[in-house]
Amino acid sequence: MPELPEVETVARGLQARVAGRRIVSVTLRQTDFMDDPVAIEQELPGRTIERVERFGKFMLLRLTTIEQQREKITTESQRHREKDGKRTELEEPDQGRDGVGGGSKSNTSGENARALLVHLGMTGNLAPHFAEQPVAKHTHATFVLDDGRELRYIDPRRFGRMAYLSGETLAAELHRFGADPLLVGADEFAERIRGSKARIKALLLDQSVLRGVGNIYADESLWKAKIHPAKQGGQLKREETDRLLAALKNILQKAIEMRGSSISDFVDADGFAGDYQQHHKVYGRDGKKCFRCGAKIRWMVVAGRSSHFCPVCQRAPRGMAGRRKKTKRARRVETSKG
DNA sequence: CTCGATCCCTGGACGC
DNA sequence: TGCGTCCAGGGATCGA
């Protein structure tokens, strides 16, 4: 399940594999998870993938503008002609402008920015394939590249999202999200957490507070920081938010180093699984012993998500003791009895 | 503002 | 073996 470290892993892989390649054509199959499939079909062909970045749980495939694409083609044909000894003044290199491969700020932001946003959801996979490789079931988008390979988006559950956005629309979309947990400072983090009555687990998962944290890394960082998931953000002391942020950064960085967690079927752009799931301390360990104190790891629903925690290390907030939340299953059992 | 509930979707696990 | 049911998850949305 791709969260920040998994998306970072995929984005790095794609940056290495497909950055600089031009999209020749686009084929879409099921499009119900795309914002505007027609825009994707019409706007992508002819553009070059300049760079692949992670933004929260999104991948951003930065694309050239049509103007830049023209310059690029002109430069290429110019290079060919120079080789042939033919050269015209019309094709003098334009030093003053940001061309492709020139200034890094060329089209990454501002009015001319263009990008394909890809959210992998639960089961999404975006990776280059050789054209002769069989097309997997649930392949919903195929981007043919100028070297003959195909960038394919495969997503059985279609919980992902794909959108082609540009200019102010792109800026507005990115603006909806909170700080990157790897970059946010302790003051800003404390401010965002402590000013809220929502539970800390909900805050960690709220993409408008922090972008990129999902269920696994929320649980793991809360365990490491010894904070109960149901504690209100506003109840946390400054010392606790500091501890939590340090835990979060530490865990996310380690997970990135290990190329993410492969829980169900996550693989990166090269088809490799991650290794971090072997280092999970609480996630998926309900009923097993806490690595720190030996108590049994417990499971409960917090903020609508399954949450794993140590009842001893992560003390329940006041007023919660003895009143366990009923799970869906417990409720169903009750109803069926009555 | 914050909550839970509900929907989306499919494959895998599990029970009978 | 085969069928039904439940469940996972992120995010949007809605009503309380």
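Q: How would you summarise the sheet that holds strand β2 (residues 49–55) if you had to cite specific residues and measurements?
A: A sheet is described by the order of its strands in space; here 4 strands give the open sequence β2-β3-β4-β8, paired in antiparallel fashion. One side of each edge strand has no neighbouring strand; the edge strands of this open sheet are β2 and β8 (161–166). For this sheet the average axis-to-axis angle between neighbouring strands, irrespective of direction, equals 20 degrees. Two elements, strand β3 (residues 58–63) and strand β4 (residues 114–119), share 5 bridges in a ladder whose sense is antiparallel. Opposite Met59, over in β4, you have Val118 as the bridge partner. Sheet contacts for helix α4 (residues 167–175): β2, β3, β4 and β8; angle to β8, the most-contacted strand, approximately 130 degrees.

Q: Explain the side chain of Thr142 residue by residue, including any values.
A: Of note, Thr142 is situated in strand β6 (residues 139–145). Residue Thr142 is classed as buried on the basis of its relative accessible area of 7%. Ignoring sequence-local partners within four residues, the contact set of Thr142 consists of Ser25, Val26, Thr27, Arg29, Glu150, Leu151 and Arg152.

Q: How would you summarise the packing of aromatic side chains if you had to cite specific residues and measurements?
A: Here the structure, examined in full by the defined rule, presents 3 aromatic pairs. Taking the centre distance of 6.0 Å and the plane angle of 80 degrees together, the rings of Phe55 and Phe177 count as edge-to-face. Highlighted residues: Phe55 in strand β2 and Phe177 in the loop between α4 and α5 (186–194), separated in sequence by 122 residues. Ring geometry for Phe58 versus Phe177: centroids 5.5 Å apart, planes at 65 degrees, classification edge-to-face. A residue pair is termed long-range when its members are at least 10 positions apart, and Phe58 in strand β3 and Phe177 in the loop between α4 and α5 qualify at 119 residues.

Q: Describe the layout of surface pockets, and please don't skip the residues or the numbers.
A: What the largest pocket holds in volume is close to 510 Å³. Forming the boundary of the largest pocket are 16 residues, of which Lys57, Met122, Gly214, Asn215 and Arg305 lie nearest the centre. Of the residues in the lining of the largest pocket, the class split is 7 nonpolar, 6 polar and 3 charged.

Scoring rules and cut-offs
- Residues numbered from 1 in each chain as written.
- Chains lettered and ligands numbered in written order.
- Predicted model: local features only at pLDDT ≥ 70, side-chain atom pairs only at ≥ 80, totals over all residues.
- Heavy atoms only, no water.
- Pairing = 2+ DSSP bridges.
- Helix = DSSP H or I, 4+ residues; strand = E, 2+ residues; numbered from the N terminus.
- Axes fitted to C-alpha atoms, helices over the stretch in contact; angles between N-to-C directions.
- Contact = heavy atoms within 4.5 Å.
- Buried < 20%, exposed > 50% of the residue type's maximum accessible area, 1.4 Å probe, protein only.
- Phe/Tyr/Trp six-rings, centres within 6.5 Å; stacked < 30°, edge-to-face > 60°.
- 1 Å grid on protein atoms, 1.4 Å probe; cavity = no way out; pocket = protein on both sides within 12 Å on 5 of 7 lines; lining within 4 Å.
- Points joined across faces, edges and corners; volume = space filled by probe spheres on them.
- Nonpolar A, V, L, I, M, F, W, Y, C, P; charged D, E, K, R; others polar.

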